[in-house]
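Fold and contact review
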Amino acid sequence: MARVVIIGGGAAGASAAARARRLDPNAEIVMIEAGSMITHAPCGIPYAVSGVVADHKSLMTYSPEEFEKERNIKVLVNAKAVDVDPDKRTVAVVRGGRGETLQWDKLIVATGARPLVPRIPGVELPGILTVRLPDDVPILKSELAGASTVGVVGGGYIGVEMAEALLHLGKKVVLFEMMDRLLPAALDADMASLVADEMKKRGVELHLGEKVVEFRGSGGRVSAVVTEKGEYRVDKVILAVGVKPDADLALKAGAKLGETGAVAVNEYMETAAPDVYAAGDVAEKVHRLTGRKVWIPLAPSANKEGQVAGGNAVKGRALRFPGVVGTAVTKFFDLYIARTGLGEEEAQRLGIKYDKAVIKARTKAQYYPGYAPVHVKMLADQSGRILGVQALGWDHIVAAYADIAAVAIERGATIEDLFFADIGYMPATAPVWHPLIVAARVLSRGKL
């Protein structure tokens, strides 16, 4: 009877455990989680901080007890894996102040990603906070309770979402992004400007293209953010400059890093080490459009990678993970932001010649109450193959635009394919000319 040990109880780890159990009712499966919660949703943290989600514990799909009872999986919570010996096939774990050693036949590393902490003078000052796990929510809420002005360093997904949370809490928000636009890894400059306009309207003080060089303190706590252009008084700081793969244990297990800095895996989620798998935010992926290695740490792919790793750990190359196209969705209050495929900078970096179209449309028929404006940007290569779509609008239906586009891109669809796609219509859900179809038609330059 094989023993499968999984390090990490988040999206990839729990998914791996569930799939391994489904495919092998007799395997011994042990899951190790450093925090108190498994099957947790870190993407829900800003909404738990703001109070939109009343209880941070609801960010957990299953309790450890439910997982053990319903799936017959041993779950160790508040247990920190500290070392891996690939020769002896052991994992050293510290739990409750005591150490123990677990033997494994198959090891799955699903340790996720950890917040980047920049090497900036003063970054160790109390009052500078990071966002990683749902367990952090009570700490964040307590730290922020007495703050009047909060600095957010970083204008990516976490920075934008935490800015919304802070406004919900009645805080003044000062956001710093060293690049010249918000969401620089997700949006082109023309689309990102719409997000900036919305954030300014809501009262966020934006400092784009402004690099933070120092944090200063007063009374033993952070009191100012210093950039290349000035000094700004704050009561607290949220660091949201990005994340990096938490790959230390994978490396100890004999895995290797790939070109992206995440753990190198093949389509079966196998690492360079025998019987060692990696899945989720710790592992790099293949971009299905370009065939290149990428690192895009998002929950939907983490869940699927976990399924592949767990299934293969007990059945041996039973499943393949085909890769990603970079589909992602976020929001700032009522502005929904979605993207998939390549943006202009990515296409330029890869030397791909492309055409682009940007259109403004409505989310419903113009005569139906409650329609909202939507902006769609579409890229296609010289053959007409769709490369990427970015969509922003004041309606959650915008997320579905990215979903449709993602499937089209994965299948190698052209703008003609999309134009003739049989997308549904009714006045309350879409105009008769769907915004994606309009974008494809405009991009065709009169050919459609």
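The rules behind each value
- Residues numbered from 1 in each chain as written.
- Predicted model: local features only at pLDDT ≥ 70, side-chain atom pairs only at ≥ 80, totals over all residues.
- Heavy atoms only, no water.
- Core = buried A, V, L, I, M, F, W, Y, C linked by side-chain atoms within 4.5 Å.
- Buried < 20%, exposed > 50% of the residue type's maximum accessible area, 1.4 Å probe, protein only.
- Helix = DSSP H or I, 4+ residues; strand = E, 2+ residues; numbered from the N terminus.
- Contact = heavy atoms within 4.5 Å.
- Pairing = 2+ DSSP bridges.
- Axes fitted to C-alpha atoms, helices over the stretch in contact; angles between N-to-C directions.
- Right-handed = clockwise from strand over helix to strand, strands pointing away.
- Phe/Tyr/Trp six-rings, centres within 6.5 Å; stacked < 30°, edge-to-face > 60°.
- Lys NZ or Arg CZ within 6 Å of the ring centre and 35° of its normal.
- Salt bridge = Lys/Arg side-chain N within 4 Å of Asp/Glu carboxyl O.

Looking at the nonpolar core
By size, the foremost hydrophobic cluster in this structure holds 54 residues, and its most contacted members are Met31, Ile32, Phe67, Val91 and Leu107. The greatest single-element share of this core, amounting to six residues, is contributed by helix H1 (residues 11-23). Those residues in contact with Ile32 that sit more than four places away from it in its chain are Val5, Ile6, Ile7, Gly8, Gly9, Leu76, Ala79, Ala81, Val91, Val93 and Leu102. Core analysis: the second largest hydrophobic core is formed by 38 residues, Val131, Val150, Val173 and Val204 among them.

Looking at the sheet that holds strand E23 (residues 354-362)
Reading across the sheet, the five strands line up as E21-E22-E25-E24-E23 and stay open at both edges, with antiparallel pairing between neighbours. If you trace the sheet from one side to the other, it starts and ends with strand E21 (328-332) and E23, each paired once. Strand-to-strand twist of the sheet, defined as the mean angle between neighbouring strand axes without regard to direction, takes the value 10°. Judged from the six bridges that link them, strand E22 (residues 335-341) and strand E25 (residues 386-393) form a sheet pairing that is antiparallel. Paired with Ile337 across the two strands is Leu392, which belongs to E25. The sheet strands contacting helix H5 (residues 157-168) are E21 and E22, and the helix crosses E21 at an angle near 30°. Each of E21, E22, strand E24 (373-381) and E25 touches helix H10 (residues 398-410); the most contacted strand, E22, lies at about 5° to it.

Regarding the environment of Ala402
Tracing the chain through its elements places Ala402 in helix H10. Overall, the relative accessible area of 1% leaves Ala402 in the buried class. Considered as a pair, Ala402 and Arg339 are 63 residues apart in the sequence and their alpha carbons are 5.6 Å apart. Here Ala402 is in contact with Thr327, Ala338, Arg339 and Thr340, once residues within four sequence places are set aside.

Examining the pairing of strand E1 (residues 3-7)
Across the five residues of E1, five count as buried, placing the element largely inside the fold. Burial along E1 is two-sided: Arg3, Val5 and Ile7 and Val4 and Ile6, pointing in opposite directions, are all buried. As defined by bridge partners, E1 adjoins strand E2 (residues 28-32) across five bridges and the pair is classed as parallel. Counted as the bridge partner of Val4 is Ile29 from E2. This β-α-β element, E1 to H1 to E2, shows right-handed connectivity. As judged from the four bridges shared by E1 and strand E7 (residues 106-109), these two strands associate in the parallel manner. Looking across to E7, one finds that Ile7 is bridged to Val109.

Observations regarding the packing of aromatic side chains
If you walk through the whole model with that rule in mind, you get five aromatic pairs. Ring-pair connections join several aromatic residues into one group, and the members of that group are Phe419, Phe420 and Trp433. The ring centre of Tyr62 lies 4.8 Å from the NZ or CZ of Arg71, which sits over that ring. For Arg362, the ring lying beneath its charged end belongs to Tyr371, and the centroid distance is 5.0 Å.

Brief notes about the sheet that holds strand E10 (residues 149-153)
The parallel open sheet is built from five strands, whose spatial order is E9-E16-E10-E11-E12. Only two strands of the sheet have a single partner each, and these edge strands are strand E9 (128-130) and strand E12 (205-208). On average, each strand axis in the sheet is tilted by 20° relative to the strand beside it, whichever way the strands run. In this sheet, strand E11 (residues 172-177) lies alongside E10 in parallel orientation, the contact comprising five bridges. When the sheet's bridge partners are listed, Gly151 is paired in E11 with Val174.

Section: unusual backbone geometry
Look at Met269: it is not a glycine, yet its phi comes out positive at around 70°. Residue position: Met269 is located in the loop between helix H7 (248-252) and strand E18 (276-278). Positive phi is not limited to glycine here, since Phe333 has a value of about 55°. Assignment of secondary structure puts Phe333 in the loop between E21 and E22. With relative accessibility at 14%, the residue Phe333 sits in the buried group.

A closer look at the pattern of salt bridges
According to the stated counting rule, one finds 30 salt bridges in the structure shown. A salt bridge links Glu410 to Arg411; the nearest nitrogen and oxygen atoms lie 3.5 Å apart. Judged by its relative accessible area of 27%, Glu410 falls in the partly exposed class. The exposure class assigned to Arg411 is exposed, which follows from its relative accessible area of 59%. Salt bridges sharing common partners tie together Asp188, Asp190, Glu344, Lys356 and Lys377.

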